[in-house]
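Read off the chains here:
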Amino acid sequence: MKAQSKNLSVLKVILGVILAIVSLATMAQTQTVKGRIVDAQSEYPLIGATILLVGSDPIIGSVTDMDGRFKVENVPVGRQNFSAQYIGYKSIALPNVLVTSGKEVVLDIKLEESVENLEAVVVTADANKDLPINELAKVSARTFNLEETTRFSGGRNDVARLATSFAGVSAPNDSRNDIVVRGNSPTGLLWRIEGIPVATTNHFATLGVTGGPVNALNTNLLRTSDFLTGAFPAEYGNANAAVFDINFRNGNADKYEFTGQMSAYSGLEFMAEGPISRKKGSSFVASYRYGIASLAATGTSAVPYYQDFSFKANLGETKIGKFELFGLGGLSNIDFKGEETEEGDLFANPAEDAYVDFGLGVGGINHLLRLNKTTFIKSSIGISTNQNDYLQDNLIRDEQDRIIDKFRATEVNNKEFRYTFTSALTKKFNARWNMKAGYLGELYDANFNTVDRDNRADIPDENEDGVPDYFLTVTDMDDQYMLHQIFGQAEYNASDKLSFTAGIHSQYLDLNDRMSLEPRAAMSYQVTDNQRISVAYGLHAQMLPAPILFLETANANGVYERTNEDLDFMKSHHFVVGYDRNLGAQWRLKAETYYQRLFNIPVEQTSSSYAIINEGADFVFDERSNLVNEGTGNNYGIELTLEKFFSNSYYLLLTSSVYESTYKGSDGISRSTAFNNRYVANILFGKEWKFGKDDANAWTFDTKFTTSGGKPFTPVDLTATRANGGREVRSEDIAYSRRYEDYVRWDVKFGVRLNSKKKNISHQFFVDLQNVTNRQNEFIRRYNEVTDEVNSVKQIGFFPDVMYRIQF
């Protein structure tokens, strides 16, 4: 009944906003498009490069100045196409640039110098709209931008959920945004913000995990960024699965602009940006959000509270280089009351009260020092933190199931600070050769404390009052350690069609004197004008999650020891072969096949099915001690993408992956991993209908259909669980032999985009009907302490999300 009432309230809000927006009288106007054009490798400004609005009559365009900057005025609002060119460089097309009346458009354009250089001739090439920003990534990489995160249905303004639309990515979980890439654990994902590695970008996260229910990254601040899913370049380390390389955009350096936004999931938001000094070209952008998830379907009757603040300040050019400041901070908390827990709650337990507080933050300064036209050094100093407090009180009930008392069962207090310094030298020798080399150091300041006596059969209750007599120590860590990373990578362009990259990444963890050397290499060959093949290899290594590395276990003398602290890096060989074919100007077919050989996987010393690569999609880790680096795994599969880029007022994206993900524990038996869904498929379609004077406004329709194979799981051993005092025991001799039902979800989104007639104001509104079929996908089968049975818990059903944005 509460869920129905919540949905009805949201629908009332939606109808009210629709009536208010449609009542606005709107017509068309023009806007300014500006930006910078630089060399792709050296990032030196190209003076005299031209940018043109395709199809304009009379011609609308601009030429770059001494700093490579341009400004194109009087561009009609709507979706526009641009082209950029410079003598001796490959020209590119910039299709589907969304121009609105409420905000100036800023384009950062990189042109690649032609190897086969003819001084008086412009070398032209169709823009590949899927190539990453990092040109050393030849396979398994894709860019994403602000418009995509808000355009696709079901995305909840979350970059992590956006990634689930790409081939090779699976996330059949409505309550969390854990990213499963090619069958790897979500813990194998690396988040980088402005070059600084961070533990997570999510509210309500816990130690060692990368996902969570709500992302703290504000999509309105994002610059076009990269998502890499395998065999990534040498500059990326401490990751086995994938990389989210996130960058914040600069604010408008010429005028002040504002954005207001409301969404059921991301909350209420206000953003401001503008110049600090127009003379120096400095600017700022800052945003604050407050969550209103009490309106959203979160999977629990408890009310989550969260807020975050993000900013970036570009201080402009100085005599000693260019400086930028950036930061992100977030706070979140939720209280679960066992007495108020509804049946089917995804997170709460009716036998306990739980209190969760979480904070995250990252801040830093970037410095770019240009040595000459072909060489620059980019350095960053940053600090990030991840703080999680969890308190759990177990409820004591009488024979009539009434609560008569409670006791503290678990206390978790985890604080981690990372102090990061990174610096990289980029050098372009000529049109054929360029290189990048650098260092990244992270000082970890860790304070992890967990004590627990929740349903532990080995803790006595001698006075039989229902309260265990003492706590067990799970973690007790107050120490510092450093992870050092050094990399170097070079690119050789044999011709405009053939290029090679090769490099090496090294890591050293001073905590246990472990070291890893990781070679990387790739090749890309443009077979014909519309066909390209790519091959890549990489050895990748990653340190263990902190909850495993610093687990405390009592020895025979009752002394607590960290038996996992000496474990080596987990490692994997990545092999990828890719094929791209342009099917005309707007269609693309992409296929990739891959094989990953995982080794050095921590497993138990005694014969067991346990392996750490099955961890990472929950809030906690199993408590396994005395692990050894003797486990192995295999991930292999094929991915297909058929994409029709946005043109003629519609787009289409079809992605599919068929794969196997297996492992061997210390028992030597080959099993499915916890993430071996075997297949995942997505169909996304969107259409716009223009209206108003000069077609400046648009009705929008977007839909997404997703299905994947059922997730493997290990069944609960009910008899053993009851004998274990209610602490859940799984039948590990048949680990991951059962599967949940296949995951199926269909989302449909309707919206409108309006541009004001006389003022620089634009409006965007949509209603996103998520899981329109109300399919009850299975979430988990777990032991219920109240019913003393194993119950199936379903995921979130139908729910309408709503978003309204105003820019001025």
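Everything that follows concerns the structure shown earlier in this document.
Residues numbered from 1 in each chain as written. Predicted model: local features only at pLDDT ≥ 70, side-chain atom pairs only at ≥ 80, totals over all residues. Heavy atoms only, no water.

### A closer look at the pattern of salt bridges
A side chain with one charge may pair with a side chain of the opposite charge, provided their charged atoms come close. Stated precisely, the cut-off is as follows: Within this document, salt bridges are pairs made up of a side-chain nitrogen of Lys or Arg and a carboxyl oxygen of Asp or Glu, the two lying within 4 Å of each other. Where helices and strands are cited, they refer to DSSP runs of H or I of at least four residues and of E of at least two residues respectively, numbered from the N terminus. The buried label applies to any residue whose accessible area, calculated with a 1.4 Å probe on protein chains only, is under 20% of its type's maximum; exposed applies above 50%, and partly exposed to all values in between.
Taken as a whole, this structure holds 58 salt bridges when the rule is applied. Across the salt bridge formed by K428 and E113, the nearest N and O atoms sit 2.6 Å from each other. Of the two residues, K428 is situated in strand β25 (residues 403-428) and E113 in the loop between β7 (105-111) and β8 (123-124); the sequence distance between them amounts to 315 residues. For the pair shown, K428 and E113 are each scored as buried. With a shortest N-O distance of 3.1 Å, R678 and E660 are connected by a salt bridge. Residue R678 is found in the loop between β37 (670-672) and β38 (679-691), and its partner E660 is found in strand β36 (residues 650-664); the two are separated by 18 residues along the sequence. Because the salt bridges share partners, they merge into one network encompassing R142, R532, D580, R588 and E643.

### Some points on the nonpolar core
What counts is decided by this rule: Residues belong to a common nonpolar core when they are buried Ala, Val, Leu, Ile, Met, Phe, Trp, Tyr or Cys residues joined through side-chain atoms within 4.5 Å. Note on contacts: a residue pair is in contact if any heavy atoms of the two residues lie within 4.5 Å.
If you look at the biggest cluster of nonpolar residues, it comprises 64 residues, and the most contacted ones within it are F144, I179, W191, F227, F244 and I246. When neighbours within four sequence positions are excluded, I179 is seen to be in contact with A160, A163, T164, V169, S170, P186, L189, F227 and F244. Grouped together as the second largest cluster of nonpolar side chains are 21 residues, I37, F70, V72 and Y89 included.

### What to know about the side chain of N682
As a reminder, the rule being used: Whenever a nitrogen or oxygen atom comes within 3.5 Å of another N or O atom, the pair is scored as a polar contact, on the condition that within protein one atom can donate a hydrogen and the other can accept it, and that pairs from neighbouring residues in sequence are kept only if both atoms are in side chains.
By the secondary structure assignment, N682 is in strand β38. Among the polar contacts listed, one links the side chain of N682 to the backbone oxygen of T164, at a separation of 3.2 Å. The residues touching N682, leaving out its near neighbours within four places in the chain, are T164, S165, L653, L654, T655, K704, F705 and T706.

### Topic: the packing of aromatic side chains
Basically, it comes down to this: Working definition: a ring pair exists when centres of Phe, Tyr or Trp rings (six-membered ring for Trp) sit within 6.5 Å. Plane angles under 30 degrees give stacked, over 60 give edge-to-face, the rest tilted. Think of it as a cone above the ring: NZ of Lys or CZ of Arg counts as a charge over the ring if it is within 6 Å of the ring centre and within 35 degrees of the ring normal.
Tallied over the entire structure, the rule returns 26 aromatic pairs. Arranged with centres 6.5 Å apart and planes meeting at 50°, the rings of Y256 and F284 form a pair that is tilted. Taken as a pair, Y256 in the loop between β17 (242-246) and β18 (257-263) and F284 in strand β20 (residues 282-290) lie far apart in primary sequence, 28 residues in all. Accessibility expressed as a relative area gives 45% for Y256, which makes it partly exposed. The partly exposed category is assigned to F284, whose relative accessible area is 26%. Taken together, the ring pairs in this structure connect F144, F166, W191, F227 and F244 into an aromatic cluster. A cation over an aromatic ring shows up here: R176 above the ring of F619, its NZ or CZ 4.3 Å from the ring centre. When the ring centre of Y594 is taken as origin, the NZ or CZ atom of R182, which lies over that ring, is 4.5 Å away.

### Some thoughts on empty space enclosed by the protein
Put simply, the rule is: Every definition here rests on a 1 Å grid over the protein atoms only: cavities are sets of points where a 1.4 Å probe fits but cannot get out, pockets are open sets enclosed by protein on both sides within 12 Å along at least five of seven lines, and lining residues have some atom within 4 Å of a point. Grid points are joined across faces, edges and corners, and a volume is the space filled by probe spheres set on the points. Under the scheme applied, nonpolar residues are Ala, Val, Leu, Ile, Met, Phe, Trp, Tyr, Cys and Pro; charged residues are Asp, Glu, Lys and Arg; polar residues are all the others, including Gly.
Overall, the coordinates contain 11 cavities of 30 Å³ or more when judged by the stated rule. Class assignment for the residues of the lining of the largest cavity results in nine nonpolar, 12 polar and 10 charged. Taken as a whole, the second largest cavity encloses approximately 200 Å³ of empty space. When contributions to the lining of the second largest cavity are tallied by element, the ones reaching two or more residues are β9 (141-144), β34 (587-604) and β35 (627-647). If you tally residues by element for the lining of the second largest cavity, the top one is β34, at four residues.

### Structural notes on the sheet that holds β7
For the record, the criterion: At least two DSSP bridges between two strands are required for those strands to pair. Here an angle of 0 to 180 degrees is reported between the N-to-C directions of two axes, which are lines fitted to C-alpha atoms, with helices fitted over the stretch in contact.
An order of β4-β1-β7 is seen for the three strands of this open sheet, with the pairing classed as mixed. Sheet topology places β4 (69-76) and β7 at the edges, where each strand pairs with a single neighbour. Mean inter-strand twist for the sheet, computed between neighbouring axes without regard to direction, equals 25°. Examined bridge by bridge, strand β1 (residues 30-39) and β7 share seven bridges and lie parallel to one another. Each bridged residue has a counterpart across the sheet, and for I37 the counterpart in β7 is I109.

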